[in-house]
Amino acid sequence: MTTTIRAACPHDCPDTCALLVTVEEGRAVKVRGDPEHPTTAGTLCTKVAYYPERTYSPDRLLHPMKRVGKKGEGRFERISWDEALDTIAARFGEIYADDPRAILPYSYAGTMGYVQGASMDRRFFHRLGASFLDRTICSTAGMAGYTATIGAMLGMDVEEFENARLILIWGGNPVVSNLHLWRGLQQAKRRGARLVCIDPLRSETAEKCDLHLAPMPGTDGALALAMMQVLIAENLIDRDYIDKYTLGFEVLAERVAAWTPERAAAETGLAAEDIRALAREYGGTRPAAIRVNYGLQRCAGGASAVRAIACLPALVGAWRDAAGGILLSSSGNFAVARDALERPDLYPERFPRRTINMSSIGDALLSRTDGIRAVCVYNSNPLAIAPDGARVRQGFSREDLFCVVLEHFQTDTADYADILLPATTQLEHLDVHRSYGHLYMLASQPAIAPLGEAKPNSEIFRLLARRMGFDEACFAEDDACIAAQAFDIADQRSVAWPVLADRGWSRLNLPKPHAPFAQGGFKTPSGKCEFHSAGLERQGYDPLPTYVPPYESPRSNPALAARYPLAIISPPARNFLNSSFANLPRFLKAEGRPRLLIHPDDALPRGIAAGRKLRIANDRGAFHAWAEVTDKVRTGVVSAPLVAQALR
Ligand SMILES: Nc1nc2c(c(=O)[nH]1)N[C@H]1C(S)=C(S)[C@@H](COP(=O)(O)OP(=O)(O)OC[C@H]3O[C@@H](n4cnc5c(=O)[nH]c(N)nc54)[C@H](O)[C@@H]3O)O[C@H]1N2
Ligand SMILES: Nc1nc2c(c(=O)[nH]1)N[C@H]1C(S)=C(S)[C@@H](COP(=O)(O)OP(=O)(O)OC[C@H]3O[C@@H](n4cnc5c(=O)[nH]c(N)nc54)[C@H](O)[C@@H]3O)O[C@H]1N2
Ligand SMILES: [Mo]
C-alpha cells in the first residue's frame, strides 16, 4: 500500500519546508517538497531531498549502548532500555541529592520541532533543578541588535522580496543556506530589480548578484553608519516617516555625521565611492528590501552591526511598502506558548538558578566553580560545532563527567558518551514547527514506525521523568497533546492544532500583502523604530548605533594581528547542515575534502600552491584543510567552509 504523509523539515534553516513523504509497505521511499506550500513550492535542497537515505543509513544508532572504551574512543556495547534508563536515573539521582545544578542539558537545533526540541526535555530538566543552558551559539547577538531597534523578531514577509526593486543581501548566502528565498530573489531580478551582496566572500550568491561588495569580516557596522551619514547629508531620507514612527533622529544624525564613507572605507576595506554609491542607490530606490542574515553577527560587534543595519529602512521610509524593509527572522510572528511547553515553574528553587552559556561549554566543563558532574546532550554535536574546540574536547574527556547523548548517529560528541541512546528521526516521530523565514505553522506526522529500538526525545525524557519519580501531570502528556499546546490559540494569528494537523501547514492569520510597519507599530517600548534606545542605555550600552570592531583585529589587538594577519570565516557548506549530513557518503563526496579558500596575493608570499595541505592555527587550536587559491575571498581573509570534524 502507498500513502502520502505530510511532514515538515526539522532542520535549522529559515526555509522550514513542507514535506510530502511517500510510504510504501511501511517504508519511506521518497521525500518531496509540497508543491502547494508557497515558499517550498515543490523543491527541496540537495540534503533533505535524500532524507530517507539519512533515516535508513546503515550507521543509524538503533539500540541503547554503554561505553566500554576510554572517553572519546567511541567503543560501546549494546544494553537494554531498562539498563540505560536505570543507570541514568541512578546517576542523576545521586547528583540531585547534592545539587542538581551539577547536571547540565546541552541541546540546540538538530531538530527545530517543539515536541522533540523544547518541551518534555525542558520540563524534565526544570523539574530536576538542573543548570539552565543559554542557547547563544547561532543568533543571540543579531537578535539583540535587531530587537533594540525594531522591538521584536519581525520584518518583511519573505514572499514579498520578489516585488522589490533593490535588494541588499547582507551577510547571507541564500543559494546555499536559504535556498527558497533565492527563487524569490531571482524572480525580482527578472522583473528588473538590482541585487547587491555584501559579503567578504564572493559566495555562490554574490556571483549571481549585480553588485558584490566585500568588506572585511566584522566591519558591517561601519558600513551601515556611513550609509546613514550619506543618506542624511544628501537628504535621501523620509522626513515624514521619521517624524511619525521613529525615536532619536536628531541624536542619530549627530552620531553618524563623523562617519563619512572615507572613514568607513578605512575600517571595511571598501572604496569610499562604492559606499557612497550604495547609499545613494538605497536612498533612491523603492521598494528597497534588505535580507540581513546571521553570517555577519558572529563577531564582537555583531549586535551593533545588526542594530545599525536595522535602522536603515526607517530612515528612508522603506517600510511603507510590503516589498520594502528588512528581514532577519520571522520567528516573532508566532505566538509560541513557551511556558506551557517548557514549564519553567517546575524549577524547585532549592538553589538559586545557574545558567551556562553554551558557547563556552569547554570552559564550563573545565571550571571548578560551575561544578558540572553530568551533561545530557541531544539535538546538538558540541564536539564539532562549539567554539574553542580543544577545550570542549578536554571538558568532555573528564573521566568523572557522566555524559548521556541522544543521537541518530555516533557523532564526535557521542564518542564521549557513557550512555548513548538512539533517537528517532523526523520520519518516525510527531512534531509541530514554526519558521524563522516564512509565516507558516507546520505539523509533522510520523511516516514510519521507529527503526530498531529508537525512541523520540520526548519519550526518552518522559521515561526518565517516571524513573525519577516526577509525577506531575505534564509528564504523562503524549506528543499530540504537547503539539496542541505549542501555540497560544488565544492569539489571533495562531491556527489551532486539529486544523493544522489536518492540513499539514497553514499561514498565520496575517494580512497579505503584509507591510508590518507601514504605519509604525514597532514592538519597542516606545512603539517607534528606536534610533535611540533607553533600554540599551539602562543596561549600560551605547544607546545609539555604534561600530564595535572585531575582538581580534588590527584595530583592537595589533600585536595579535601581527602574529595572525589573516581573518578566517567558516560559513555553512552547501551539502552539510552544520555537522548534520557530514557523516553520510553522498554528502561527503559532494563536498569533497576540507578546503581553505585563500587569495593569490595571500597565498604567493606564503608559498602556498593550490591543492596543498595546510595547517591553519591560532592560539586556541588548529585544523587541516587543502588550499584553494582563489580571488573569491578578498585579501586578508580566508574561508574554511564549515569544517565539520570527521564523524564516525
Ligand atoms: N546548506 C546549509 N544551509 C544552512 C546551514 C548549513 O550549515 N548548510 N546552516 C543553517 C544555519 S544554522 C544558519 S544560522 C543559517 C546561516 O545562514 P546565513 O545567516 O546566511 O549565514 P551564513 O551562511 O553563516 O553566512 C552567510 C554569508 O555571510 C558571510 N559572512 C561571514 N562573515 C561576514 C561578515 O562579517 N560580514 C558580512 N557581510 N558577511 C559575512 C559568509 O561569507 C557567508 O557567505 O543557515 C542555515 N542553512
Ligand atoms: N565552524 C563553524 N561552527 C559553527 C557554525 C559554522 O558556520 N561554522 N555554525 C554555528 C551555528 S549557526 C549553529 S546553529 C550551530 C549548530 O549546532 P548544532 O545545533 O549542534 O547542529 P548540528 O551540528 O547539525 O548537530 C545537530 C545534531 O542533532 C542530531 N539530531 C537531529 N535531530 C535529532 C532528534 O530528533 N533527536 C536527537 N536526539 N538528535 C537529533 C543530529 O544527528 C546532529 O548530530 O553550530 C555553530 N557552529
Ligand atoms: Mo545557526
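Conventions adopted
- Residues numbered from 1 in each chain as written.
- Chains lettered and ligands numbered in written order.
- Predicted model: local features only at pLDDT ≥ 70, side-chain atom pairs only at ≥ 80, totals over all residues.
- Heavy atoms only, no water.
- 1 Å grid on protein atoms, 1.4 Å probe; cavity = no way out; pocket = protein on both sides within 12 Å on 5 of 7 lines; lining within 4 Å.
- Points joined across faces, edges and corners; volume = space filled by probe spheres on them.
- Helix = DSSP H or I, 4+ residues; strand = E, 2+ residues; numbered from the N terminus.
- Nonpolar A, V, L, I, M, F, W, Y, C, P; charged D, E, K, R; others polar.
- Domains from an automatic or database assignment.
- Pairing = 2+ DSSP bridges.
- Axes fitted to C-alpha atoms, helices over the stretch in contact; angles between N-to-C directions.
- Disulfide = S-S within 2.5 Å.
- Buried < 20%, exposed > 50% of the residue type's maximum accessible area, 1.4 Å probe, protein only.
- Contact = heavy atoms within 4.5 Å.
- Buried area = accessible area lost by both parts, 1.4 Å probe.
- Salt bridge = Lys/Arg side-chain N within 4 Å of Asp/Glu carboxyl O.
- Polar contact = N/O pair within 3.5 Å; in protein donor to acceptor, adjacent residues only side chain to side chain.
- Core = buried A, V, L, I, M, F, W, Y, C linked by side-chain atoms within 4.5 Å.
- Near = heavy atom within 4 Å.
- Areas by Shrake-Rupley, 256 points an atom, 1.4 Å probe, with all protein chains shown as cover.

This part covers empty space enclosed by the protein. Tallying each qualifying case throughout the model produces two cavities of 30 Å³ or more. Empty space within the largest cavity amounts to approximately 40 Å³. Along the walls of the largest cavity sit Val432, Met441, Ala483, Ala484, Ala486, Phe487, Ile489, Val495, Ala496, Trp497 and Leu500, which together make up its complete lining. Secondary structure elements with two or more residues in the lining of the largest cavity: helix H20 (479-485) and helix H21 (497-503). Size it by volume and the second largest cavity reaches roughly 30 Å³. Partitioned by chemical class, the residues of the lining of the second largest cavity number two nonpolar, two polar and one charged.

With that settled, consider the layout of surface pockets. In this structure, the second largest pocket spans a volume of roughly 770 Å³. Considering the residues around the second largest pocket, the lining is formed by 26 residues, among which Tyr108, Arg135, Ser139, Arg338 and Arg434 are closest to the centre. Per element, the largest residue contribution to the lining of the second largest pocket is three residues, and it comes from helix H5 (residues 140-150). The residue inventory of the lining of the second largest pocket, partitioned by class, reads ten nonpolar, nine polar and seven charged. Taken domain by domain, the lining of the second largest pocket gets at least three of its residues from each of domain 1 (65-134 + 337-424 + 448-507) and domain 2 (141-328 + 515-538).

Next up on the list: the sheet that holds strand E3 (residues 27-33). Taken in spatial order, the three strands make up an open sheet running E1-E2-E3, and their pairing is antiparallel. The open sheet has two edge strands, strand E1 (2-8) and E3, and neither has a second partner. Going across the sheet, the axis of each strand differs from the next one's by a mean of 25°, ignoring polarity. As paired strands, strand E2 (residues 18-24) and E3 are joined by six bridges and run antiparallel to one another. Residue pairing across strands places Leu19 opposite Gly33, the latter belonging to E3.

It is worth spelling out the state of the cysteines at this point. Two cysteines, two sulfur atoms, one covalent bond between them: this is a disulfide. Enumeration according to the criterion identifies zero disulfides in this entry. Summary of cysteine pairing: Cys17 is not part of a disulfide, and the nearest cysteine sulfur, belonging to Cys9, is at 6.1 Å. Overall, the relative accessible area of 7% leaves Cys17 in the buried class. There is no disulfide at Cys474, and the cysteine sulfur nearest it, in Cys481, is 9.9 Å away. Given a relative accessible area of 4%, Cys474 falls into the buried group.

Across the five residues that make up strand E15 (residues 374-378), a large majority, five, are buried. The alternating pattern of E15 places Ala374, Cys376 and Tyr378 and Val375 and Val377 on opposite faces, both of which are buried. Pairing analysis gives five bridges linking strand E6 (residues 103-107) to E15, with the strands arranged parallel. Note on E15: the bridge partner recorded for Pro105 is Cys376. One ladder, built from five bridges, connects E15 with strand E16 (residues 402-407); its direction is parallel. When the sheet's bridge partners are listed, Val375 is paired in E16 with Cys403.

Our next topic: the domain arrangement of the protein chain. Parsing the protein chain into structural domains produces domain 1 (65-134 + 337-424 + 448-507), domain 2 (141-328 + 515-538) and domain 3 (558-639). Here the C-alpha centre of domain 3 lies 29 Å away from the C-alpha centre of domain 2. Taken together, the contact between domain 2 and domain 3 spans 14 residues of the former and 15 residues of the latter. At the boundary of domain 2 with domain 3, total buried surface from both sides reaches about 1,100 Å², with 63% on carbon and sulfur atoms. Where domain 2 packs against domain 3, one counts one salt bridge. Ionic pairing is found between Asp631 and Arg202, a salt bridge with its closest N-O pair at 3.2 Å. Inspection of the region where domain 2 meets domain 3 yields four residue pairs in polar contact (both at pLDDT 80 or more). Counting residues per element, the side of domain 2 that touches domain 3 draws most heavily on helix H6 (residues 174-177), at three residues. Classifying every residue of the side of domain 2 that touches domain 3 by side-chain character gives eight nonpolar, three polar and three charged.

Bringing the nonpolar core into the picture now. Counting 82 residues, the largest nonpolar core has Trp170, Tyr282 and Leu315 as its most contacted members. Those residues in contact with Trp170, other than ones at most four positions away along the chain, are Ile198, Asp220, Leu223, Ala224, Met227, Ile290, Arg291, Val292, Asn293, Leu296, Ile309 and Leu312. Val115, Leu341, Ile460 and Ala483 belong to the second-largest nonpolar core, a separate cluster that totals 53 residues.

If you trace the backbone, Cys13 turns up in the loop between E1 and E2. Once the C-alpha coordinates of Cys13 and Tyr436 are considered, the two residues, 423 residues apart in sequence, prove to be 7.7 Å apart.

Spatially, five strands are ordered E10-E9-E8-E12-E13 in an open sheet, and the strand pairing comes out parallel. Strands at the two margins of the open sheet, each flanked by one partner only, are strand E10 (211-213) and strand E13 (325-327). Between one strand and the next, the sheet's axes are offset by a mean angle of 15°, whatever the strand orientation.

This part is about the site of ligand 2. Close to ligand 2 lie 27 residues, the nearest being Arg54, Ser380, Glu407, Ser579 and Ser580. Between a nitrogen atom of ligand 2 and a main-chain N or O atom of Leu406, the distance comes to 2.9 Å. Interatomic distance of 2.9 Å between a side-chain N/O atom of Asn457 and a nitrogen atom of ligand 2. Contact with the protein chains hides 91% of the accessible area of ligand 2, taken as 920 Å² for the molecule alone. For the shell around ligand 2, the residue count by class is nine nonpolar, 14 polar and four charged. When residues are assigned to domains, the shell around ligand 2 turns out to be shared by domain 1 (65-134 + 337-424 + 448-507) and domain 3 (558-639), each giving three or more.

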